2 protein chains.
Amino acid sequence: MSEDVKQAPDASRVPEAGGEGPRRVPLTPGARRVLEAAGRLFYERGIHAVGVDLIAAEAGVTKKTLYDRFGSKDQIVVEYLADRDERWRAFLAARLERARAPKSRVLAVFDASRDWAERSLPRGCSMINAHAEITDPAHPAYAVITGQKAWMLALFTDLARPLAPRRAKQLGRSLMLLHEGGLVAYGMGIFPDAIDHARQDAQALLKSAAGPSA
Amino acid sequence: MSEDVKQAPDASRVPEAGGEGPRRVPLTPGARRVLEAAGRLFYERGIHAVGVDLIAAEAGVTKKTLYDRFGSKDQIVVEYLADRDERWRAFLAARLERARAPKSRVLAVFDASRDWAERSLPRGCSMINAHAEITDPAHPAYAVITGQKAWMLALFTDLARPLAPRRAKQLGRSLMLLHEGGLVAYGMGIFPDAIDHARQDAQALLKSAAGPSA
DNA sequence: GAGTGAGTATACAGATCGGTCTACTATGGG
DNA sequence: CCCATAGTAGACCGATCTGTATACTCACTC
C-alpha cells in the first residue's frame, strides 16, 4: 500500500494547500471561533480529553451554534486536522518558494518544521497525536491524517529526485524517517533541538548521496 | 533538560528490566487478567477510549476486583505501560546478548523492534501513543513514558561509544531519530517495512561514522 | 416589512464515565 | 475453628459525555 498514494505534489511548483479535502463547513464568525478554540484545546490536551461544552465555552459560543455549524464533534475533529494541514502546507510552501538549490529545498522543510513547532507548545505533530487517538480507519478524520503523511512522503521524494534521480524513492523515505523522528523526539522532549539534529543528519545524508560538489 | 536523564545503562552488560519503576500492584490471577485485557484494549483502541467496565468484562472480572487490585484507572494505565516497558526491555536484552560486534548490537535493536512490532497490530509504539493522550506531566504514567525514551537514548549512546568514542552522544541521537522515525512510519503505515528501512539507514550511518573496516 | 441566517440562553435527554457499596462464596493457613 | 484473601454478583452514585429542544434576539436583504 501507499505506493503512489494521492497525487504527488509537483516539486517545481508550490505545493497547493489540500483543496480536495473533506472541508465542508462554512466558517461563520462563530464557527471560526469554535475552530480556533477546538484547535488549541485538542492540541494541548488531546482530542478525547476535550468535550464540546468546553469548546463552546472557550469559543464564547453556545452549544447550539456549535452543532448548527459542525453537526458533530467528529466533524470538528476533521475540520481541526484539515485546517492545521492546510495552514502547514501554506507555511511550508512559502518557505520552499525562497529556496532554490535542491539541497536547500530539502533542508527548508526541516527548518520550516522547527519554526512551525516553536510557535506553539512542544507537543509534537498533531497528526501523529491524532493518530494515537483515532484508531478506526473508517473515522472521517483518518484520511486527513494519513493523507498528510503520504503527501509529505511524496514531497520528500520529489525534492530528492534532482539529487538522486535513480534513488529518489529510497532517499525520500530516509528523509521522511529523519523528519518524523525529529518531530517525535521534539514532541516528547527526548533531547533538545531534535528537529535541528534531524536537519543535520539530513544534510549529511544529502552529502553522501549526491556527492559534496552538488 | 534531559542531559543525562536517569542512569545510563551499562552497555557491556544486559540492560536490566526497569525494576525501580512505579510497579506496586501484586499480580493476583484476577489482576493479571485485568492487566492483559487492559493492555490489549489500550493498545488497540487508545487509553481514553476504553472504559473500566469494558476492561473488567474482557478480563472476566467484576469491577470490585478491578478496583480492589488497582485502585484507579490511572493506576491500570501505569501498570500497562510499566509492564510493556519491562517486557520490551527483556525482549531487547535477549537480542543484545546474542550480538557481539558493536555494529551488530546497534542493528540488533532495530531487528528487535521490527520483530516486536510484527507480533501485534501495526499500531506503532505504545509509549508514543500514550504520550499523545496523557498530556499532564504530573500524571503518574508520564514518568514511565519519558523514562523509556530516555533509557533508549542512553542505550543507543552506549552502543555508539565503541564505534565513535568522541561522537557517541551525537551518533546515539542520530540512531534514536532513525529508530523513532521507523516506529512512527510503521505505526502510521506511511510506507512498508519502515523499521527495516530505518535499520538500513542506521547501517549506512555506522559505516560512514566508524569507517567501513570496523 | 417579512423573511432568513446567525446567534444567545437554557433546559433536557440518554448514555457512559470512573468509582463505591453491600452481600455473599470459596479457599487455604495458623 | 477462625480469619484473612481473592473473588462473584449487582445495585448504585454523581459527574460528564454527545447531542437535541424550545424560545428569543439581532442584522441584513429583498
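Residues numbered from 1 in each chain as written. Chains lettered and ligands numbered in written order. Predicted model: local features only at pLDDT ≥ 70, side-chain atom pairs only at ≥ 80, totals over all residues. Heavy atoms only, no water.

Labelled according to an unreviewed UniProt entry, chain A appears under the name TetR family transcriptional regulator, originating from Streptomyces lasiicapitis.

What follows is about the overall build of chain A. A tally of regular secondary structure across chain A gives 9 helices and 0 strands. Overall, chain A shows an N-to-C arrangement of helices and strands of α-α-α-α-α-α-α-α-α. Within the span of chain A, comprising 214 residues, buried residues form 54% of the whole. Looking at chain A as shown, the accessible area adds up to about 9,500 Å², and 51% of this sits on carbon and sulfur atoms. (Helix = DSSP H or I, 4+ residues; strand = E, 2+ residues; numbered from the N terminus. Buried < 20%, exposed > 50% of the residue type's maximum accessible area, 1.4 Å probe, protein only. Areas by Shrake-Rupley, 256 points an atom, 1.4 Å probe, with all protein chains shown as cover.)

Glancing now at the packing of helix α8 (residues 168-188) of chain A against helix α6 (residues 126-133) of chain B. Contact geometry of α8(A) with α6(B) gives a least axis separation of 11 Å together with a crossing angle of 55°. Of the possible angle classes, the one that applies to α8(A) and α6(B) is oblique. Crossing angle aside, the handedness with which α8(A) passes α6(B) is left-handed. Here A:V184, A:G187 and A:M188 of α8(A) lie close against α6(B), whose contacting residues are B:M127, B:I128 and B:H131. Within the contact of α8(A) with α6(B), the residues separate by chemical class into 4 nonpolar, 2 polar and no charged. (Axes fitted to C-alpha atoms, helices over the stretch in contact; angles between N-to-C directions. Parallel < 35°, antiparallel > 145°, perpendicular 65-115°, else oblique. Left-handed = near helix turned anticlockwise from the far one by under 90°. Contact = heavy atoms within 4.5 Å. Nonpolar A, V, L, I, M, F, W, Y, C, P; charged D, E, K, R; others polar.)

What follows concerns the protein's contact with DNA strand C. The environment of DNA strand C is formed by 18 residues, the closest being A:G30, A:T65, B:V52, B:K63 and B:K73. In the environment of DNA strand C, a phosphate oxygen lies 3.0 Å from a nitrogen or oxygen atom belonging to the backbone of A:G60. Within the side chain of B:Y67, a nitrogen or oxygen atom sits 3.0 Å from a phosphate oxygen of DNA strand C. Class assignment of the residues belonging to the surface near DNA strand C gives a composition of 5 nonpolar, 7 polar and 6 charged. (Near = heavy atom within 4 Å. Polar contact = N/O pair within 3.5 Å; in protein donor to acceptor, adjacent residues only side chain to side chain.)

So, about the protein's contact with DNA strand D. Of all residues adjacent to DNA strand D, which total 19 residues, the nearest are A:D53, A:K63, A:K73, B:G30 and B:T65. When atoms of DNA strand D within 4 Å of the protein are split into backbone and base, the sugar-phosphate part holds 49%. One of the backbone nitrogen or oxygen atoms of A:V52 is found 2.9 Å away from a phosphate oxygen of DNA strand D. Here the surface near DNA strand D is built from residues that sort into 5 nonpolar, 7 polar and 7 charged.

Mapped onto the present numbering, the UniProt feature "DNA-binding region" (unreviewed entry) falls on residues 51-70 of chain A. Between the end C-alpha atoms of residues 51-70 of chain A there is a gap of 14 Å, over a span that is 80% helix and 0% strand. (UniProt positions renumbered as here; feature names shortened; annotations may be inferred.)

On to the relation of the copies chain A and chain B. Aligned on chain B, chain A shows an RMSD of 0.0 Å; the corresponding rotation is 180° and the shift along the axis is 0.0 Å. The transformation just described matches what one would write down for a two-fold rotation axis. Every residue of chain A has its C-alpha some distance from the rotation axis, and the shortest such distance is that of A:G181, at 1.9 Å. (Least-squares fit on C-alpha atoms with pLDDT ≥ 70 in both.)

What follows concerns unusual backbone geometry. Here the phi dihedral of A:D193 falls at roughly 55°; this positive angle occurs in a residue that is not glycine. On the basis of relative accessibility, which here comes to 55%, the residue A:D193 falls in the exposed class.

The next point concerns the interface of chain A and chain B. One widely used convention gives an interface's size as the accessible area the parts lose upon coming together. Opposite the 41 residues of chain A that make contact, chain B presents 40 residues. Contact with chain B buries area across many residues of chain A, yet A:L177, A:M188 and A:I190 alone supply 20% of it, more than any other trio. Our enumeration of links across chain A and chain B arrives at 0 salt bridges. Put simply, chain A and chain B have 9 residue pairs in polar contact (both at pLDDT 80 or more) between them. Mapped onto the side of chain A that touches chain B, the elements with two or more residues apiece are α1 (29-45), α6 (126-133), α7 (142-160), α8 and α9 (194-210) of chain A. For the side of chain A that touches chain B, the leading source of residues is α8(A), giving 13 residues. A per-class count over the side of chain A that touches chain B returns 18 nonpolar, 15 polar and 8 charged. (Buried area = accessible area lost by both parts, 1.4 Å probe. Salt bridge = Lys/Arg side-chain N within 4 Å of Asp/Glu carboxyl O.)

Position of A:L155 among the secondary structure elements: in helix α7. A sequence separation of 49 residues divides A:L155 from A:V106, and the C-alpha atoms of the two residues are 9.3 Å apart.

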